[in-house]
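Observations on the model geometry
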Amino acid sequence: MRARMSDIARQAQVSEATVSRVINDRPGVSPETRQAVLTALDVLGYERPERLRKRSAGLVGLVVPELDNPIFPAFAQVIESTLAQHGFTPVLCTQSPGGVTEDEYVEMMLDRQVSGIVFVSSLSADTAADPSRYRRLIERPLPIVLVNGYAEAIEAPFVSCDDRLAGDMAVSHLVALGHRRIGMISGPNRFISTQRKLAGYRAAMEREIGAVGADDFVALTLFGVEGGEVAADRLLEQGVTGIVCASDLMALGAIRAARRRGLSVPRDVSVIGFDDSPLIAFTDPPLTTLRQPVSSMAVAAVRCLVDEINGHGATHSEYVFRPELVVRESTAVAPSRRSLPVA
């Protein structure tokens, strides 16, 4: 599309002569005015002249498990925009059941000579997976950063939410509301996030109500709404009045299971999620959850990677970010046992 000088000048609120100087890359224009003209070009859908196009510092791979869980697109959006601000072009790789695997994506990116890779909740989070795949990348050497996927055997920067603290905070909130029969729903125990959340749950249960071990009310299942529903059904059968879930989607499944039994959330059963995914504040009821600081974690991950790429050598350790308890309407004061409807 050919740019009309008058349209660009009107959009940028400058003279046509100024637009001409910017387009022809001539001096005599302040950086603010130059940026206003370039922004006007972008807004109006015109292509920037070749000499004004920002050159990419290189490609950076971004591997996420899938896009069905809203928390992963949230991470991807911030990471992509932050990479772009540093001059890098992000290459988003999403996995799906039966689709391209993480290892296959890595091979594709190596063929394209990426400058580095950011992994979000990757196979490194699975203690049963082989960590040598990441060690081989480091030995190339290829800079990598792992978000929510800590593994002691990998010498790379990690950026994590404090899952142990999240489990502890959730139990403490329910205990403060008078709950004593508190259940925990999470994914398979081989995942480091599950192990850490369970550790926080058990520690809080022992500290707050003297429940040593507290495994009677733990239900491990598949991640997702369906897994949360099945696990919650088992816990409700045991008479729990509060349920801590390892993700917001699991929490939605728990609410579904409670309603199927004729129970009201939060009058009869309180439910807490984890993530604070986009739109979760608009569920019925609005979900109480532990919020991951997505923006802070994503920016930190990109800074670590850029430092590695530039040879500054980011510290090979885990940067742990504190979750925030967001109280909405899915938790309330514990009911007396007499008030619970019969399943």
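For the structure, check the block above.
Presented here is an overview of the structure given in this document. This is a predicted model, so every value here is computed, not measured.

Here the focus is the overall build of the protein. Of regular secondary structure, the protein possesses 11 helices and 12 strands. With respect to the three principal axes, the spread of C-alpha positions in the protein is 80 × 50 × 35 Å. By residue count, 50% of the 343 residues in the protein fall in the buried class. Contacts spanning at least 24 positions in sequence make up 71% of the contacts within the protein whose residues lie at least 6 apart. Total accessible area on the protein is roughly 16400 Å²; 50% of this is exposed by carbon and sulfur atoms. Computed over 36 positive and 41 negative side-chain charges, the inter-centroid distance for the protein is 5 Å.

Attention shifts here to the pairing of strand 5 (residues 158-161). On strand 5, burial covers both faces: Phe 158 and Ser 160 on one face and Val 159 and Cys 161 on the other are all buried. Pairing between strand 4 (residues 144-147) and strand 5: 2 bridges, direction parallel. The residue of strand 5 that forms the bridge with Leu 146 is Phe 158. Here strand 5 pairs with strand 11 (residues 318-321) via 4 bridges, running parallel. Within strand 11, the residue paired with Cys 161 across the bridge is Phe 321.

Moving on: the environment of Ser 295. Here Ser 295 shows up in helix 11 (residues 294-309). Of the residues examined, Ser 295 reaches a relative accessible area of 45% and is grouped as partly exposed.

This next bit is on the sheet that holds strand 9 (residues 270-275). Pairing between sheet strands relies on hydrogen bonds along the backbone, with the strands arranged either parallel or antiparallel. Pairing is mixed across the open sheet formed by 6 strands, whose spatial order is 7-6-8-9-10-12. Single-partner strands in this sheet number two, and they are strand 7 (218-220) and strand 12 (324-326). Within the sheet, the average angular offset between the axes of one strand and its neighbour, ignoring direction, is 20°. Alignment of strand 9 against strand 10 (residues 288-291), held across 4 bridges, turns out to be parallel. Counterpart to Ile 272 in the pairing with strand 10 is Thr 288. With respect to the sheet, helix 8 (residues 192-209) is in contact with strand 6 (182-186), strand 7 and strand 9, its orientation differing from that of strand 6 by roughly 175°. Of the strands in this sheet, strand 6, strand 8 (242-245), strand 9 and strand 10 touch helix 10 (residues 248-260), which is tilted by about 160° from strand 9.

A sheet is described by the order of its strands in space; here 6 strands give the open sequence 2-1-3-4-5-11, paired in parallel fashion. Here the strands that pair on one side only, and so sit at the sheet edges, are strand 2 (88-94) and strand 11. Between one strand axis and the next, the sheet turns through 15° on average, direction left out of account.

Attention shifts here to the packing of helix 1 (residues 5-12) against helix 2 (residues 16-23). Put simply, helix 1 and helix 2 touch, their axes get as near as 9 Å, and they point 100° apart. With respect to each other, helix 1 and helix 2 are oriented roughly perpendicular. Every residue of helix 2 that contacts helix 1 at Met 5, Ser 6, Ile 8 and Ala 9 is listed here: Glu 16, Val 19, Ser 20 and Ile 23. Residues of the contact of helix 1 with helix 2, tallied by class, amount to 5 nonpolar, 2 polar and 1 charged.

Looking now at helix 3 (residues 31-43). Across its 13 residues, helix 3 extends 18 Å between first and last C-alpha, which sits within 8% of the 18 Å expected from 1.5 Å per residue. All of the buried residues along helix 3 are Val 37, Leu 38, Ala 40 and Leu 41. Take helix 3 and look down its axis: the buried residues cluster within an arc of 155°, on one side only. Opposite the buried face of helix 3, at more than 90 degrees from it, the exposed residues are Pro 31, Glu 32 and Val 43. Residues of helix 3 that are buried make contact with helix 1 and helix 2. Once helix 3 finishes, Gly 45 follows within two positions and takes phi at roughly 85°, a positive value.

Another point: the nonpolar core. Of all hydrophobic cores here, the largest spans 67 residues; its most connected members are Val 120, Ile 185, Ile 243 and Val 271. Residues in contact with Val 120, not counting those within four places in the same chain, are Leu 62, Val 63, Val 64, Pro 65, Phe 72, Phe 75, Ile 79 and Val 147. By size, the runner-up hydrophobic cluster in this structure holds 18 residues, among which are Tyr 105, Val 106, Ile 144 and Ala 156.

Three or more residues of helix 5 (residues 102-111) are buried, namely Glu 102, Tyr 105, Val 106, Met 109 and Leu 110. The arc that holds the buried residues of helix 5, viewed along the axis, is 140°, so those residues lie on one side. Contact partners of the buried residues in helix 5: strand 1 (58-64), strand 2, strand 3 (116-120) and helix 6 (132-139). Residue Gln 113 follows helix 5 closely and has a positive phi angle near 55°.

Moving on, we get to the environment of Ser 330. On the secondary structure map, Ser 330 appears in the segment after strand 12. The exposure class assigned to Ser 330 is buried, which follows from its relative accessible area of 0%. Each C-alpha atom, one on Ser 330 and one on Ser 96, is 31 Å from the other, the two residues being 234 residues apart in sequence. Beyond its immediate chain neighbours, meaning those up to four positions away, Ser 330 contacts Val 265, Pro 266, Val 269, Ser 270, Val 271, Pro 285, Pro 286, Leu 287 and Thr 288.

Each value, and the rule that gives it
- Residues numbered from 1 in each chain as written.
- Predicted model: local features only at pLDDT ≥ 70, side-chain atom pairs only at ≥ 80, totals over all residues.
- Heavy atoms only, no water.
- Helix = DSSP H or I, 4+ residues; strand = E, 2+ residues; numbered from the N terminus.
- Buried < 20%, exposed > 50% of the residue type's maximum accessible area, 1.4 Å probe, protein only.
- Contact = heavy atoms within 4.5 Å.
- Areas by Shrake-Rupley, 256 points an atom, 1.4 Å probe, with all protein chains shown as cover.
- Lys, Arg positive; Asp, Glu negative; His and termini not counted.
- Charge placed at Lys NZ, Arg CZ, Asp CG, Glu CD.
- Pairing = 2+ DSSP bridges.
- Axes fitted to C-alpha atoms, helices over the stretch in contact; angles between N-to-C directions.
- Parallel < 35°, antiparallel > 145°, perpendicular 65-115°, else oblique.
- Nonpolar A, V, L, I, M, F, W, Y, C, P; charged D, E, K, R; others polar.
- Expected span 1.5 Å × (residues − 1).
- Arc of directions from axis to C-beta.
- Core = buried A, V, L, I, M, F, W, Y, C linked by side-chain atoms within 4.5 Å.

Such coordinate-based values are descriptive only and should not be taken to indicate function.
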